[in-house]
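Spelled out from the first residue to the last, the chains are:
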Amino acid sequence: MDINKIISETKKIDKEYHYFNTIDDSPKKEGNGNLNNVAVSVKDCICVKDMESRAGSKILSTYKPVFDATVIQRIRKEGAVIIGKTAQDAFGFGSFSTNVGKDMKIPLNPFDKERACGGSSGGAAGFTQKSTFKHIALGQSTGGSIVAPASFCGVVGLCPTYGRISRYGLMDYANSLDKIGPIAKTVEEVALMLEIIAGYDEKESTTLNEPVPKYTSYIKKDIKNLKIGIIKEAFGKGIEAELKEKVEEGIKMLEQQGAKIEDISLPLTKKYGVETYYLLAMCEASTNLAKFCGMRYGASEQIKGNFNEYFSNIRSDYFNDESKRRIIIGTFARMAGYRDAYYIKAAKVRAKIIDEYKKAFEKVDLLVSPTMPFVAPRFKEIEKLSPLQNYMADTLTVGPNLAGLPHISVPIGTNKDKMPIGLMLTADHLKEETLIQASSKLEK
Ligand code: GLN
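Residue positions are counted from 1 within each chain, in the order its sequence is given. In keeping with the model being predicted, local features are shown solely for residues with a pLDDT of at least 70 and side-chain atom pairs are shown and tallied solely at 80 or more, while totals for entire chains, interfaces and linings include all residues. With hydrogens and water set aside, each side-chain value is computed from the structure's full complement of heavy atoms.

Student: Sorry, what's going on with the overall build of the chain here?
Tutor: A run of DSSP states H or I qualifies as a helix once it reaches four residues; a run of E qualifies as a strand once it reaches two. Both are numbered from the N-terminal end. Of the regular secondary structure elements, the chain holds 14 helices and 13 strands. Along the first, second and third principal axes, the C-alpha set of the chain runs to 70 × 60 × 45 Å. Residue exposure (1.4 Å probe, protein chains only): buried if accessible area is under 20% of the type maximum, exposed if over 50%, otherwise partly exposed. Out of the 444 residues belonging to the chain, those deemed buried represent 60%. Should any heavy atoms of two residues lie within 4.5 Å, those residues are considered in contact. For the chain, the share of sequence-separated contacts (at least 6 apart) that also reach a separation of at least 24 residues comes to 77%. Surface accessibility follows the Shrake-Rupley procedure with a 1.4 Å probe radius. Residue values consider only the protein chains on display as shielding. Accessible surface, the chain: about 17,900 Å² in total, of which carbon and sulfur atoms supply 51%. Of note, the chain has its 63 positive side-chain charges centred 1 Å away from the centre of its 55 negative side-chain charges. When charges are tallied, Lys and Arg are placed among the positive residues and Asp and Glu among the negative ones, while His and the ends of the chain are skipped. Lysine's charge is taken at NZ, arginine's at CZ, aspartate's at CG and glutamate's at CD.

Student: How do you make sense of the packing of helix α2 (residues 70-77) against helix α5 (residues 187-197) when you look at a structure like this?
Tutor: In a pair of packed helices, the angle between the axes and the distance between the axes together describe the arrangement. Here an axis means a line fitted to C-alpha atoms, over the contact stretch when the element is a helix, while the angle between two N-to-C directions is reported on a 0 to 180 degree scale. It is at 9 Å that the axes of α2 and α5 come closest, and there the two elements cross at 110 degrees. Regarding the angle of α2 to α5, the classification is roughly perpendicular. Between α2 and α5 lies a crossing whose hand is right-handed. Contact residues: α2 offers V71, R74 and I75, while α5 offers M193, I196 and I197. Here the contact of α2 with α5 is built from residues that sort into 5 nonpolar, no polar and 1 charged. Our angle categories are set so that under 35 degrees counts as roughly parallel, over 145 as roughly antiparallel, 65 to 115 as roughly perpendicular, and the remainder as oblique. Crossing chirality is assigned from the near helix's rotation relative to the far helix, an anticlockwise turn below a right angle marking it left-handed and a clockwise turn marking it right-handed. Here the nonpolar group is Ala, Val, Leu, Ile, Met, Phe, Trp, Tyr, Cys and Pro; Asp, Glu, Lys and Arg are the charged ones; every other residue, Gly included, is treated as polar.

Student: I keep staring at a nonpolar patch on the surface and nothing clicks. Help me out?
Tutor: To count toward a patch, a residue needs a relative accessible area above 30% and no salt bridge. Like charges then connect within 9 Å, nonpolar side chains (Val, Leu, Ile, Met, Phe, Trp, Tyr) within 5 Å. Only one rule defines a salt bridge in this text: a Lys or Arg side-chain nitrogen within 4 Å of an Asp or Glu carboxyl oxygen. Residues F332, M335, Y338 and Y342 make up a contiguous nonpolar surface patch of about 340 Å² in total accessible area. Considering the arrangement of structural elements, one finds Y342 in helix α10 (residues 340-363). Given the relative accessible area of 34%, Y342 is considered partly exposed.

Student: Please explain the side chain of K85 as it appears in this structure.
Tutor: The topology assignment puts K85 in strand β3 (residues 81-86). You can call K85 buried: its relative accessible area is 0%. Here a polar contact means two N or O atoms within 3.5 Å. Within protein one must be a hydrogen donor candidate and the other an acceptor candidate, and residues neighboring in sequence count only if both atoms are side-chain atoms. Within the structure, K85 has its side chain in polar contact with the side chain of S53 (distance 2.8 Å). Setting aside its immediate chain neighbours within four residues, K85 contacts Y19, F20, N21, T22, V42, K43, D44, I46, V48, M51, E52 and S53.

Student: Which parts of the structure should I look at to understand the site of the ligand?
Tutor: What surrounds the ligand is a group of 16 residues, the closest being T142, G143, S145, Y173 and Y277. Within the side chain of S145, one N or O atom sits 2.6 Å away from an oxygen atom of the ligand. Between the ligand and D394, the relevant distance is 2.7 Å, taken from a nitrogen atom to a side-chain nitrogen or oxygen of the residue. Burial of the ligand by the protein chains amounts to 100% of its free accessible area of 290 Å². With a 1 Å grid laid over protein atoms only, a set of points is called a cavity when a 1.4 Å probe fits there but cannot get out and a pocket when it is open yet has protein on both sides within 12 Å along at least five of seven lines; lining residues have an atom within 4 Å of a point. In this scheme, a molecule is assigned to a cavity or pocket if more than half of its atoms are within 2 Å of the grid points. Judged by its atoms lying within 2 Å of the grid points, the ligand is housed in the second largest cavity. Sorting the residues of the shell around the ligand by element identifies β6 (135-141) and α7 (267-288) as the ones contributing at least two each. Each residue is tested against the molecule or strand, and it is near if at least one of its non-hydrogen atoms lies within 4 Å.

Student: Explanation requested: α5 in the structure shown.
Tutor: Each α-helix turn comprises 3.6 residues. Residues three or four places apart therefore point the same way. The buried count for α5 comes to 10 of 11 residues, which makes it a mostly enclosed element. Among all positions of α5, only V187, E189, V190, A191, L192, M193, L194, E195, I196 and I197 are buried.

Student: Mind showing me how you'd approach the pairing of strand β9 (residues 227-231) here?
Tutor: Every regular strand shows the same layout, with side chains that alternate between the two sheet faces. Within β9, 4 of the 5 residues are buried, leaving the element largely enclosed by the surrounding structure. The pairing of β9 with strand β10 (residues 260-264) spans 5 bridges and is parallel. The residue of β10 that forms the bridge with G229 is E262. One ladder, built from 3 bridges, connects β9 with strand β11 (residues 366-370); its direction is parallel. Among the inter-strand pairings, I228 is bridged to a residue of β11, identified as L366. Pairing between strands requires that DSSP locate at least two bridges from one strand to the other.

Student: Would you explain the pattern of salt bridges in this entry?
Tutor: Between side chains of opposite charge, pairing is possible as soon as their charged atoms come close. The final tally for this structure, using the stated rule, is 21 salt bridges. Put simply, E189 and K134 hold a salt bridge, and the shortest N to O gap is 3.2 Å. Placement of E189 in helix α5 and of K134 in the loop between α3 (122-130) and β6 is noted, with a sequence separation of 55 residues between them. Residue class for E189 comes out buried when judged on its relative accessible area of 12%. Residue class for K134 comes out partly exposed when judged on its relative accessible area of 47%. Across the pair E195 and K214 runs a salt bridge, and its minimum N-O distance is 3.4 Å. Of this pair, E195 sits in helix α5 while K214 sits in the loop between α5 and β9, and the two are 19 residues apart along the sequence. For E195, a relative accessible area of 18% puts it in the buried group. The network of salt bridges with common partners includes E30, D68 and R76.

What follows is the structure, encoded as structure tokens:
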């Protein structure tokens, strides 16, 4: 499809479903390679030179980066066409893409407009499902934001090992947790994108200096003798029955193709994962957001009164409620006097959670669970959730994110309402190829 046609199609879909914060009217193809003429949508929190990049927040409106993120440089070289910036919860704070910036629209689920896309990479996953041309999305995850929307929208999402893909040019939510990763219709497209964007970056000190495998070559590899552990706690109370059934069918498919299945228990992750994740994520977020004060980036106004008043007023007007909640809780939890009880303790529990996963990977190659405890909820159900109930939606995804482990969500069927269900596989550090190898066996 030619570029003009791609843009007019994108606009048509966006008008109905609200997947974009910005669409480029006349994108240019620069390089030449493995992404020739592939349309790539970019989550709003990833910097694209000269394109408004707001991380889904009003406080960054008018901000146009003067540089490309490393992932953007890499895909441009391969001939990708960057079509725009996708909708998200502001700064990544959410699981449903309903916590959007004050002047932004909420993306609607491609299968039912009364339901959410999931978050925070909601626009990315929704558009991936609806796109009528070759398209791959770049998403971002801190605690589940790639796999959650992928599962709600019936597409494939891969969150890599922490440090596998450069974060240079990614607006920080929580630096020790953030990852960029691909969302696409097929495992093969996800593998291709990963192959292009993964790898060491001298501009980013947390990237791993490790060779990048040819991920696409793992699609054909069989899974005989691969050991897969069923996470026992992920099939317990609070997980929808229909969803468990479908995931169990998926596990049978893997078994029929030669994988050895056993049970694995991760009690600590189940008990403390959500609390540990939210404490650390909010602590880091509260410092990261300090720089958004209506002066250095994006939105600014006429200064009245002193600087303190100016900063407070603009932050109070331009941040949404969830952003404010996280700044307040995060600041509290790392204050002198509370720091040992909350932030430091959470950091210690995180180390134990990593240990629990590492022990599991001495026994198995992959772990399997549902991606989310339920299918995409309706907006009217989400409105009734307390903040705590909101956070509990991440119960299955925070574990691998806290441990920096790669994980993938693949569609495994639908429930009686025809809403998609995602199966999640988690691998040991830097074993993305095993995720690709096994998840490709689940595709129809
Ligand atoms: N729902 C989680 C949160 O709100 C994860 C979001 C993310 O991965 N960016 O923090």
